[in-house]
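Chain and residue survey
Single-letter residue listing:
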Amino acid sequence: TFHVMTGPAITYWSPANTASGDYTVKATFTEPKYMNLNDHPHPYGIVIAGNDMGTAKRSYLYCEAYGNGTFIVRGFGPSPFQMNGRGEANSAVHKAAGPGQPVTQEIAMSVKGNKVECAINGTVVASYDKSQVVGPGKLASTDGVYGIRFAHNTEGTVSGLTVTKP
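Rules and cut-offs
Residues numbered from 1 in each chain as written. Predicted model: local features only at pLDDT ≥ 70, side-chain atom pairs only at ≥ 80, totals over all residues. Heavy atoms only, no water. Core = buried A, V, L, I, M, F, W, Y, C linked by side-chain atoms within 4.5 Å. Buried < 20%, exposed > 50% of the residue type's maximum accessible area, 1.4 Å probe, protein only. Helix = DSSP H or I, 4+ residues; strand = E, 2+ residues; numbered from the N terminus. Contact = heavy atoms within 4.5 Å. Pairing = 2+ DSSP bridges. Axes fitted to C-alpha atoms, helices over the stretch in contact; angles between N-to-C directions.

1. Points about the nonpolar core
Ranked by internal contacts, the top residues of the largest apolar core, which has 38 residues, are Phe29, Ile48, Leu61, Val73 and Ile120. Where this core is concerned, the elements lending two or more residues are strand 3 (23-31), strand 4 (44-51), strand 5 (59-65), strand 6 (70-76), strand 9 (103-112), strand 10 (115-120), strand 11 (123-129) and strand 12 (144-150). Ignoring anything within four residues of it in the chain, the contact list for Val73 reads Leu61, Tyr62, Cys63, Gln82, Met83, Asn84, Cys118, Ala126 and Tyr128. If you look at the next biggest cluster of nonpolar residues, it comprises 8 residues, including Val47, Met53, Tyr60 and Tyr62.

Laid out in structure tokens, this is it:
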């Protein structure tokens, strides 16, 4: 279990944690006190497909949940790119009862054949063809480093970070 408390947004990854081909990366995120360090929701979630991490050429894709019932899918290539705009609501994403209350999300990102999917609490909330996330200005590949990401001014725990192959 990792305890994370951020100032600036941050991505945690290790070059030893890689996935290729078809795979699923998942973890459970708990925000023990929703909006504890801020006055509006901030997200946290899974990072996949990391290449050239730690350099100006980095690329990766992430799916993050907010404790208000919304989620966001974004990537970094040569420039940031948004897959679902500034985020969207989905009934699968848990909502905290209110500020200071706990909320837990199980977040998974999968690469299966020609699809890249984000599932939150066991429900696929976003699905994209690889061609929508890999290519000029986007990801170098869906193969690469995986990890976790937290927006700024967020506190939470992460448990069960795993990668599985079909």
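Next comes the rest of the description.
2. So, unusual backbone geometry
Residue Met35 is not a glycine yet carries a positive backbone phi of 60 degrees. Of note, Met35 is situated in the loop between strand 3 and strand 4. Residues other than glycine seldom take positive phi values, yet Asn153 does so here, at roughly 50 degrees. Structurally, the position occupied by Asn153 is in the loop between strand 12 and strand 13 (155-164).

3. A few points about the sheet that holds strand 3
Ordered by their spatial adjacency, 6 strands build an open sheet running 1-13-3-9-10-11, and the pairing between neighbours is antiparallel. A single partner strand is all that each edge strand has here, and the edge strands are strand 1 (2-5) and strand 11. When strand polarity is set aside, the average angle formed by the axes of neighbouring strands in this sheet is 20 degrees. Relative to strand 10, strand 9 is paired through 6 bridges, and the arrangement is antiparallel. Within strand 10, the residue paired with Met109 across the bridge is Cys118.

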